[in-house]
Amino acid sequence: MHISAQDSSAGADLPRDWIQVEVAAHKAKPGPLLPILHSIRNRLGYIPEAAVPLIAEGLQITRAEVHGVISFYHDFNTHPVGRNRLQVCRAEACQARGCRSLEAHAQETLGIGYHQTTPDGEFTLEPVYCLGNCATGPSVRLNDDIHGRVTPKRLDALLDQATTQPLTLQPLAEEPES
Amino acid sequence: MTRIYVPRDTTALSLGANEVAEALKQACADRDIDLVRNGSRGLFWLEPLIEVETDRGRVAYGPVTSEDIPALLDEGLLDGQPGHPLYQGPTEEIPYLKSQQRLTFERAGIIDPVSLDDYIHHGGYVGLRKALAKTAQEIVDEVKTSGLRGRGGAAFPAGIKWQTVLDADARTGSSPYSKRKFIVCNADEGDSGTFADRLVMEADPFMLIEGMTIAGLAVGADTGYIYLRSEYPVAHQILNEAIATAEAEGYLGDNVLNSGKAFHLEVRLGAGAYICGEETSLLDSLEGKRGQVRVKPPLPALKGAFGQPTVVNNVLTLAAVPFILAEGGEAYADYGMGRSRGTLAFQLTGNIERGGVVELAFGHTLRELLEDYGGGTASGRPIRAVQVGGPLGAYMPESQWDTPLDYEAFSEVGAVVGHGGIVVFDDTVDMLDQARFAMEFCAVESCGKCTPCRIGSTRGVEVIDRIRNNEHRDNNLILLEDLCDTLEDGSLCAMGGMTPNPVRSALQYFPDDFHRDSTTASQATSEEA
Ligand SMILES: Cc1cc2nc3c(=O)[nH]c(=O)nc-3n(C[C@H](O)[C@H](O)[C@H](O)COP(=O)(O)O)c2cc1C
Ligand code: SF4
Ligand code: FES
């Protein structure tokens, strides 16, 4: 098992008030649960366990229902993710352009498998099934940017860029626990 | 002042369009240029394709990188000069584009996608104005006349679906939603090898907004949702911007164009589940539940979103509607063959030299697309297999490439046109790997309701691995056939029911790949590391 940068059971940093405000803000619209989960994911990168009772209470549904929905969707991680999310497209059109070796390269370079986070908390690696960029594959998504015709070399450059930029902004990025 | 277009669709961005735009801006800091971020023409092999407006019309250069900008400027880019090797001539004369029959993609790449003025200037909102002068029944009749069939895969006649929703009684029930009907746009576009929905949303979003507004008038719905896959961040941003503009300008809201009719529109994001493209699963997801497939009946047309009568249509279906209202249903029906009327946006993808969107009337052959438009593989090797219609579509060998592209002709050879995605593989493809992936994909994306789909697909992966390793190969080949039968017979929806298509076609047309010496066979990867 890999080690995450943050402890998933930590409730201390949980922005409880913010989550409650978020739930209240979406509550009136039809089908509010997915929009709420998306907004939590956007802010925290994942859906902390401690958010579940807050959502359940706010929407007056059971915790089991909230859990059921979270576990159904690939987007909603229940553990902290890295500072960068790398998704490699595994679908057919990218297979035809060599994504199988690109995924192997990504796993080897990062030293992790899918659904795992590097020990330094930089990258979470995820599979994705099509990014709609199928004429110019193989494709990857790094955070909100999609890249086409990605060779292993180009991927290395993208990963490099992603780690060098935020580090200059946050020189005191926390060290991983080991 | 010189007007220059640099696209901003996902593909152009994925190949460095923002860097190109930045380089142009810097290099032209002291020149008078007007830089427009258009959508894309869908000629993806040429992206980033920049265009310059000249008195001879728009002139194209591509594929351009930011490093090319100084040389391009030296060679007279701003005057549309032909000196540079990336010069493609007048855009409209590029044969790939010129020979298309563009109805839905008529404006794609031409206009600024978030400019309402541009949209109106290029014929936008004529359809809505005509619709406002008609009764609901007259709008539905126009769509029936057009012969438009759903573009999401099942090809169900759109006019008949709309009629059902128009006739449905929304007054029953005590839910807070009673008396209401909904328009839901299926923008989940999960099939590998498809991006036509995305291109509509990123290059011409007002067309979709207009189509949904007309659908609302046709059936008496005051609210629409665009259920958009979360894998499309660029489309998300562009749609939201266009919706806000349409609201501000009175094209959406409580009083659409002062007609007294309301239509509200909202984008809802999916969360990375392929099955949520299936319409009943999508509706559950929209309601905030697990995206599990519902048993039909009741039809969504009668009991859809929040239990109310609902039109669920694909992006391209709804996007065809403004043309049909503006030009008349007959004008649309004039294109096509047999019961396949109008045009279909084919998407050339995978290992293809010239990938992109090719909008044509039905009836052309697959070979024309692969060779005349696609120009063969990108690798330069022979094409071996082509998967049409998404991950649940069959792999087609060369002997089938002369099949006309129409729903019925494809169905006769056991294939599907589906959403028009065409994925090309060269002769290095291992069809056993492809069959294995089809089973793996079904296992990953199954909604879990039916045992054959949930469990059978995982068994399928194991059986194919044994075939690869030559463990009791003959018995396992029989077992694989049995598994396909079970999936076909015991699945509630096409996810389980059609996964056998790619598996069986691989077995039938490419049997050698299932009888290799196990030491030479390639090793497929799995999501599970
Ligand atoms: C597994 C599965 C996935 C589907 N995915 C999509 C999709 O991504 N987009 C889409 O428009 N239709 C998809 N469909 C078809 C929808 O269920 C439905 O037929 C369609 O939204 C109806 O709209 P149309 O009549 O305009 O095509 C899918 C169906 C199945 C069984
Ligand atoms: S076939 Fe598969 S995806 Fe479809 S309803 Fe059954 S379990 Fe769900
Ligand atoms: S298959 Fe990879 S982007 Fe579509």
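First things first, this report covers the structure right here in the doc.

Conventions adopted
Residues numbered from 1 in each chain as written. Chains lettered and ligands numbered in written order. Predicted model: local features only at pLDDT ≥ 70, side-chain atom pairs only at ≥ 80, totals over all residues. Heavy atoms only, no water. Helix = DSSP H or I, 4+ residues; strand = E, 2+ residues; numbered from the N terminus. Rg over C-alpha atoms; globule rule 2.2 N^0.38 Å. Buried < 20%, exposed > 50% of the residue type's maximum accessible area, 1.4 Å probe, protein only. Contact = heavy atoms within 4.5 Å. Areas by Shrake-Rupley, 256 points an atom, 1.4 Å probe, with all protein chains shown as cover. Lys, Arg positive; Asp, Glu negative; His and termini not counted. Charge placed at Lys NZ, Arg CZ, Asp CG, Glu CD. Pairing = 2+ DSSP bridges. Axes fitted to C-alpha atoms, helices over the stretch in contact; angles between N-to-C directions. Left-handed = near helix turned anticlockwise from the far one by under 90°. Nonpolar A, V, L, I, M, F, W, Y, C, P; charged D, E, K, R; others polar. 1 Å grid on protein atoms, 1.4 Å probe; cavity = no way out; pocket = protein on both sides within 12 Å on 5 of 7 lines; lining within 4 Å. Points joined across faces, edges and corners; volume = space filled by probe spheres on them. Buried area = accessible area lost by both parts, 1.4 Å probe. Salt bridge = Lys/Arg side-chain N within 4 Å of Asp/Glu carboxyl O. Polar contact = N/O pair within 3.5 Å; in protein donor to acceptor, adjacent residues only side chain to side chain. Near = heavy atom within 4 Å. Sits in = over half its atoms within 2 Å of the grid points. Core = buried A, V, L, I, M, F, W, Y, C linked by side-chain atoms within 4.5 Å. Phe/Tyr/Trp six-rings, centres within 6.5 Å; stacked < 30°, edge-to-face > 60°. Lys NZ or Arg CZ within 6 Å of the ring centre and 35° of its normal.

**A short note on the overall build of chain B**
No. 1: Each helix and strand in chain B was counted, giving 22 helices and 16 strands.
No. 2: Taking 529 residues into account, the globule formula puts the C-alpha radius of gyration at 24 Å, and chain B, at 24 Å, falls close to it.
No. 3: A principal-axis box enclosing the C-alpha atoms of chain B has dimensions of 75 × 65 × 45 Å.
No. 4: Out of the 529 residues in chain B, the part that is buried amounts to 62%.
No. 5: Residue pairs at least 24 apart in sequence account for 70% of intrachain contacts in chain B once pairs closer than 6 positions are excluded.
No. 6: When the accessible surface of chain B is split by element, carbon and sulfur atoms take 48% of a total near 18,700 Å².
No. 7: Side chains of chain B give 46 positive and 77 negative charges; the mean places of these two sets differ by 6 Å.

**Section: the sheet that holds strand S3 (residues 123-128) of chain A**
Residues and elements named next belong to chain A.
No. 1: The strand order S2-S3-S1-S4-S5 describes an open sheet built from five strands, whose pairing is mixed. Where the open sheet ends on each side, the last strands, each with one partner, are strand S2 (116-117) and strand S5 (145-147).
No. 2: As judged from the six bridges shared by strand S1 (residues 84-89) and S3, these two strands associate in the parallel manner. Of the residues in S3, the one forming a bridge with Gln 87 is Glu 126.

**What about the packing of helix H1 (residues 16-26) of chain A against helix H3 (residues 51-59) of chain A?**
Residue and element names in this part refer to chain A.
No. 1: The contact between H1 and H3 brings their axes to 10 Å, and the two run at 30°. You can see that H1 and H3 cross each other, and the crossing is right-handed. Taken together, the residues of H3 that come into contact with H1 (itself represented by Arg 16, Ile 19, Gln 20 and Val 23) are Ala 51, Leu 54, Ile 55, Gly 58 and Leu 59.
No. 2: In terms of residue class, the contact of H1 with H3 is built from six nonpolar, two polar and one charged.

**So, empty space enclosed by the protein**
Residue and element names in this part refer to chain B.
No. 1: This model, assessed by the stated rule, comprises four cavities of 30 Å³ or more.
No. 2: One number sums up the size of the largest cavity: a volume of about 80 Å³.
No. 3: Ser 446, Cys 447, Cys 450, Cys 453 and Cys 493 are, among the 13 residues lining the largest cavity, the residues nearest its centre.
No. 4: Looking at the lining of the largest cavity residue by residue, the class counts come to eight nonpolar, four polar and one charged.

**Remarks on the layout of surface pockets**
Residue and element names in this part refer to chain B.
No. 1: Space inside the second largest pocket adds up to approximately 1,200 Å³.
No. 2: Forming the boundary of the second largest pocket are 48 residues, of which Gly 152, Gly 153, Ala 154, Gly 277 and Glu 278 lie nearest the centre.
No. 3: Of all the elements, strand S9 (residues 310-314) adds the most residues to the lining of the second largest pocket, at four residues.
No. 4: Residue composition of the lining of the second largest pocket, by class: 22 nonpolar, 15 polar and 11 charged.

**Things to note about the sheet that holds S9(B)**
All names here are of chain B.
No. 1: What the four strands build is an open sheet, ordered S8-S7-S6-S9; its pairing is parallel. A strand with exactly one partner marks an edge of an open sheet, and here the two such strands are strand S8 (264-269) and S9. Across the sheet, the mean angle separating the axes of adjacent strands is 20° when strand polarity is ignored.
No. 2: Here six bridges tie strand S7 (residues 223-228) to S8, and the two strands are oriented parallel to one another. By the bridge assignment, Tyr 227 is partnered in S8 with Arg 268.

**As for the packing of H3(A) against helix H4 (residues 63-72) of chain A**
The description of two helices packed together rests on the angle between their axes and the distance between the axes.
Residues and elements named next belong to chain A.
No. 1: The N-to-C vectors of H3 and H4 enclose an angle of 115°; their axes lie 8 Å apart at closest approach. Considering only the axes of H3 and H4, their crossing is right-handed. Contacts between H3 and H4 involve Val 52, Pro 53, Ile 55 and Ala 56 from the first element and Arg 63, Val 66, His 67 and Ile 70 from the second.
No. 2: Partitioned by chemical class, the residues of the contact of H3 with H4 number six nonpolar, one polar and one charged.

**Some words on the interface of chain A and chain B**
No. 1: At the junction of the two partners, chain A supplies 44 residues and chain B supplies 66 residues.
No. 2: Per-residue buried area on chain A facing chain B is highest for A:Phe72, A:Glu92 and A:Tyr129; these three make up 17% of the total on that side.
No. 3: Where chain A touches chain B, the interface holds two salt bridges.
No. 4: In this structure, A:Arg90 and B:Glu440 form a salt bridge, with 3.1 Å as the shortest nitrogen-oxygen distance.
No. 5: Scanning the region where chain A abuts chain B turns up 26 residue pairs in polar contact (both at pLDDT 80 or more).
No. 6: Mapped onto the side of chain A that touches chain B, the elements with two or more residues apiece are helix H2 (33-44), H4, helix H5 (92-95), helix H6 (99-110), S3 and S5 of chain A.
No. 7: Residues of the side of chain A that touches chain B, tallied by class, amount to 20 nonpolar, 13 polar and 11 charged.

**Points about the site of ligand 1**
Residues and elements named next belong to chain B.
No. 1: Surveying the vicinity of ligand 1 reveals 18 residues, the closest of which are Gly 152, Asn 186, Asn 313, Asn 314 and Thr 317.
No. 2: Contact between ligand 1 and Asn 186: an oxygen atom at 2.9 Å from a side-chain N or O atom of the residue.
No. 3: For ligand 1, an oxygen atom lies 2.8 Å from a polar atom in the side chain of Asn 313.
No. 4: A majority-of-atoms criterion places ligand 1 in the second largest pocket.
No. 5: Counting residues per element, the shell around ligand 1 draws most heavily on S9, which supplies three residues.
No. 6: Considered class by class, the residues forming the shell around ligand 1 number four nonpolar, eight polar and six charged.

**What about the nonpolar core?**
No. 1: By size, the foremost hydrophobic cluster in this structure holds 150 residues, and its most contacted members are A:Ile55, B:Trp162, B:Leu208 and B:Ile226.
No. 2: It is helix H10 (residues 205-219) of chain B that contributes the most residues to this core, 10 residues altogether.
No. 3: Every residue in contact with B:Trp162, bar those within four places of it in the chain, is listed here: B:Ile139, B:Val140, B:Val143, B:Ala215, B:Ala218, B:Val219, B:Val311, B:Asn313, B:Leu318 and B:Val321.
No. 4: In this structure, B:Ala155, B:Phe362, B:Tyr373 and B:Leu405 belong to the second largest nonpolar core, which totals 32 residues.

**Brief notes about the environment of A:Leu33**
No. 1: Locating A:Leu33 in the fold gives a position in helix H2.
No. 2: What makes A:Leu33 buried here is its relative accessible area of 4%.
No. 3: Excluding its chain neighbours within four sequence positions, the residues that come into contact with A:Leu33 are A:Ile55, A:Leu59, A:Ile61, A:Val69 and B:Gly288.

**Section: unusual backbone geometry**
No. 1: Looking along the chain, the bond that leaves B:Glu47 and enters B:Pro48 is cis, with omega of -10°.
No. 2: The topology assignment puts B:Pro48 in the loop between strand S2 (33-36) and strand S3 (50-54).
No. 3: Cis geometry is found at the peptide bond from B:Pro297 to B:Pro298, where omega equals 0°.
No. 4: Positioned with a positive phi, A:Arg149 is a non-glycine residue whose angle comes to about 45°.
No. 5: Classification of A:Arg149 by relative accessible area gives partly exposed; the value is 35%.
No. 6: The backbone of B:Tyr125 sits at a positive phi, close to 65°, despite the residue not being glycine.
No. 7: What makes B:Tyr125 buried here is its relative accessible area of 1%.

**Overview of the packing of aromatic side chains**
No. 1: Taken as a whole and assessed by the stated rule, the structure comprises 21 aromatic pairs over all chains.
No. 2: Ring pairs connect the aromatic residues A:Tyr129, B:Tyr274, B:Phe437 and B:Phe441, which therefore count as one cluster.
No. 3: Across from the ring centre of B:Tyr5, 3.5 Å away, lies the NZ or CZ of B:Arg58, which sits over that ring.
No. 4: It is B:Arg229 that lies over the ring of B:Tyr232; its NZ or CZ is 4.9 Å from the centre.

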